[in-house]
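# Analysis of the macromolecular model
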Amino acid sequence: MSKKIEHVMVIGAGQMGAGIAQVAAMNGYTVTLHDTKMELAEKGIAGIKKRLERDVAKERLSESDLARFLRLIQPSDQIGNAEHADLIIEAAVENMAIKKNIFAQLDSFAPKHAVLATNTSSLPITELAAATSRPEKVIGMHFMNPVPVMKLVEVIRGLQTSDAAFKAVEAVAKAMKKTPVEVNDFPGFVSNRILMPMINEAIFTVYEGVSTPEDIDNVMKLGMNHPMGPLTLADFIGLDTCLYIMEVLHEGFGDDKYRPCPLLRKYVNAGWLGKKTGRGFYVYD
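Keep in mind the model is a prediction, meaning the values are calculated, not measured. (Residues numbered from 1 in each chain as written. Predicted model: local features only at pLDDT ≥ 70, side-chain atom pairs only at ≥ 80, totals over all residues. Heavy atoms only, no water.)

### Thoughts on the packing of helix 2 (residues 38-57) against helix 3 (residues 63-71)
Put simply, the test is: Axes here mean lines fitted to C-alpha atoms, for a helix over just the part in contact, with angles spanning 0 to 180 degrees between N-to-C directions. For the purposes of this entry, the term helix denotes a DSSP run of H or I that reaches at least four residues, the term strand denotes a run of E that reaches at least two, and both are numbered from the N terminus. Put simply, angles under 35 degrees are roughly parallel, angles over 145 are roughly antiparallel, angles from 65 to 115 are roughly perpendicular, and the rest are oblique. A clockwise turn of the near helix away from the far one marks a right-handed crossing, whereas an anticlockwise turn of less than a right angle marks a left-handed crossing. The contact criterion used is simple: two residues touch if any of their non-hydrogen atoms lie within 4.5 Å. Under the convention adopted here, Pro, Cys and the residues Ala, Val, Leu, Ile, Met, Phe, Trp and Tyr are nonpolar, Asp, Glu, Lys and Arg are charged, and Gly plus all remaining residues are polar.
With their axes 10 Å apart at the nearest point, helix 2 and helix 3 run at an angle of 165 degrees to one another. Relative to helix 3, helix 2 is oriented roughly antiparallel. Here helix 2 runs over helix 3; the crossing is right-handed. Residues Ile45, Ile48, Lys49, Leu52, Glu53 and Val56 of helix 2 touch helix 3, and the partners they reach there are Glu63, Leu66, Phe69 and Leu70. Split by residue class, the contact of helix 2 with helix 3 holds 7 nonpolar, no polar and 3 charged.

So, in structure tokens, the structure goes:
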């Protein structure tokens, strides 16, 4: 793994993938932004352009910088483009079967030196690594949303991850002006293992009639100095995502302290998924 990482491929051009591609390009990496259809990859790049244009309007960025960053990002709908990458960051849907399929394909196309990273927020890195012939080069690289703003990256070692792969990814995170933290492969890693039970407990306090969502959020904002209350945050994350991660924790640890609140399950079944559907613990326009 002596080859320097210069070319980064991002798999998935949604909100997270496009954010990762943007930050990589802004810090000098050549980027391939890949999705299943060319229009999806181009839509991701259009979103990056829009965000950068806002920075130009606010005089945080020059027109020439914007043009230079965009020149570094190429759209892709061919997984074979992995042959040019030194680091591949997968940011596809949070589904183990889909991710394993992507990793098996990447393993066959990517050069031998390439590191394969996943932006998963909860799925086991060790299991994903086993879908490849290079488990020592598979690692977690969990960015926070929104990627261009949030400073943290959880760098997650699978059972087989080599020190060289870890150091290479840690260096890329620092080059992207992020703060990497080293985490071992356990359900929910650090961020979601602590955050999601807190959100789940806030939902239990609504469910049991202890207080209203507004007042629960105020307790955490004004009493604990959180920038956003847990129920507002749950609505922003998506209640379906919160439920999914609680289920991963519950199954992974087999401990009832991770049991999803019945009210969370009821809201998801009702299609009240938070901000994205206009209704969660709060109502949105």
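### Thoughts on the UniProt feature "domain: 3-hydroxyacyl-CoA dehydrogenase NAD binding" (unreviewed entry) in the chain
Test applied: UniProt positions are given in the numbering used here, feature names are shortened, and annotations may be inferred rather than shown by experiment.
Sequence positions flagged by UniProt for "domain: 3-hydroxyacyl-CoA dehydrogenase NAD binding" (unreviewed entry) are, in local numbering, residues 7-185. Segment residues 7-185 splits into 41% helix and 22% strand. End C-alpha atoms: 26 Å apart.

### Structural notes on the sheet that holds strand 7 (residues 152-157)
How we decide: Should DSSP find at least two bridges between two strands, the strands are regarded as paired.
Strands sit in the order 3-2-1-4-5-6-7-8 across an open sheet of 8 strands; the sheet is mixed. Of all the strands in the sheet, the pair left with one neighbour each is strand 3 (73-76) and strand 8 (179-184). Strand-to-strand, the axes of this sheet are offset by a mean angle of 25 degrees, without reference to chain direction. Sheet contacts for helix 6 (residues 163-175): strand 4 (87-90), strand 5 (115-118), strand 6 (138-143), strand 7 and strand 8; angle to strand 6, the most-contacted strand, approximately 25 degrees.

### Details of the side chain of histidine 34
Mapped onto the elements, histidine 34 comes out in strand 2 (residues 30-34). In this view, histidine 34 contacts Met9, Val10, Ile11, Gly12, Ala13, Ser76, Asp77, Gln78 and Ile79; residues no more than four positions away in its chain are not counted.

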